[in-house]
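Take a look at the letters that make up each chain.
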Amino acid sequence: MTKPEITWADFEKLDIRTGTITAVADFPLAKNPAYQLEIDFGELGIKKSSAQITELYTKENLIGTQILAVVNFPKKQIANFMSECLVLGIYGKNKEVILVSPAQKVGNGLSLG
């Protein structure tokens, strides 16, 4: 099922940036299995996010992983945690989440264009 058509102006409102995961913690209070992430976005600083990526990723192999995230959504409270960005992923066949990453290492905080 495709979503409704949007305009270029709608797309331009999204601020999608590269970041590197610097810290990962279990999130036992989340409704669905998730990690609490700290992500370095360069000049934008460190932002926190809750991500339901526990099926395919361990805490150890996430450290240093570069990802793409939407950084201009309002903060969202998830249990006792304030999520500051939305890490982007692709849903696999069994609804597992595969992180979206740049094909090459790039600077933190660079914009998707």
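Preceding block: the structure.
Residues numbered from 1 in each chain as written. Predicted model: local features only at pLDDT ≥ 70, side-chain atom pairs only at ≥ 80, totals over all residues. Heavy atoms only, no water.

Brief notes about the packing of aromatic side chains
Link 1 in the chain: Evaluated as defined, the whole model comprises two aromatic pairs.
Link 2 in the chain: For the ring pair W8 and F11, a centre distance of 5.3 Å and an interplane angle of 45° mean the geometry is tilted. Of this pair, W8 and F11 both sit in helix α1 (residues 8-12), separated by three residues, roughly a single helical turn.
Link 3 in the chain: Residue F11 is classed as partly exposed on the basis of its relative accessible area, which comes to 30%. (Phe/Tyr/Trp six-rings, centres within 6.5 Å; stacked < 30°, edge-to-face > 60°. Helix = DSSP H or I, 4+ residues; strand = E, 2+ residues; numbered from the N terminus. Buried < 20%, exposed > 50% of the residue type's maximum accessible area, 1.4 Å probe, protein only.)

Looking at the side chain of S50
Link 1 in the chain: Along the chain, the position of S50 falls in strand β3 (residues 46-51).
Link 2 in the chain: Given the relative accessible area of 17%, S50 is considered buried.
Link 3 in the chain: Those residues in contact with S50 that sit more than four places away from it in its chain are F27, A34, Y35, I78, F81 and S83. (Contact = heavy atoms within 4.5 Å.)

Some words on unusual backbone geometry
Link 1 in the chain: Despite not being glycine, A79 has its phi angle at roughly 55°, a positive value.
Link 2 in the chain: You can see A79 is positioned in the loop between β5 (76-78) and β6 (81-83).
Link 3 in the chain: Residue K95 is not a glycine yet carries a positive backbone phi of 70°.
Link 4 in the chain: Since its relative accessible area comes to 64%, K95 is described here as exposed.

Points about the sheet that holds strand β7 (residues 86-87)
Link 1 in the chain: Pairing in this open sheet of five strands is antiparallel, and the strands run β3-β2-β1-β4-β7 from one edge to the other. The sheet is open, and its two borders are formed by β3 and β7, each paired with just one other strand.
Link 2 in the chain: Direction of pairing for strand β4 (residues 66-70) relative to β7: antiparallel, over a ladder of two bridges. Pairing of V70 across the sheet is with L86, part of β7. (Pairing = 2+ DSSP bridges.)

On their own, these measurements won't tell you what the molecule is for.
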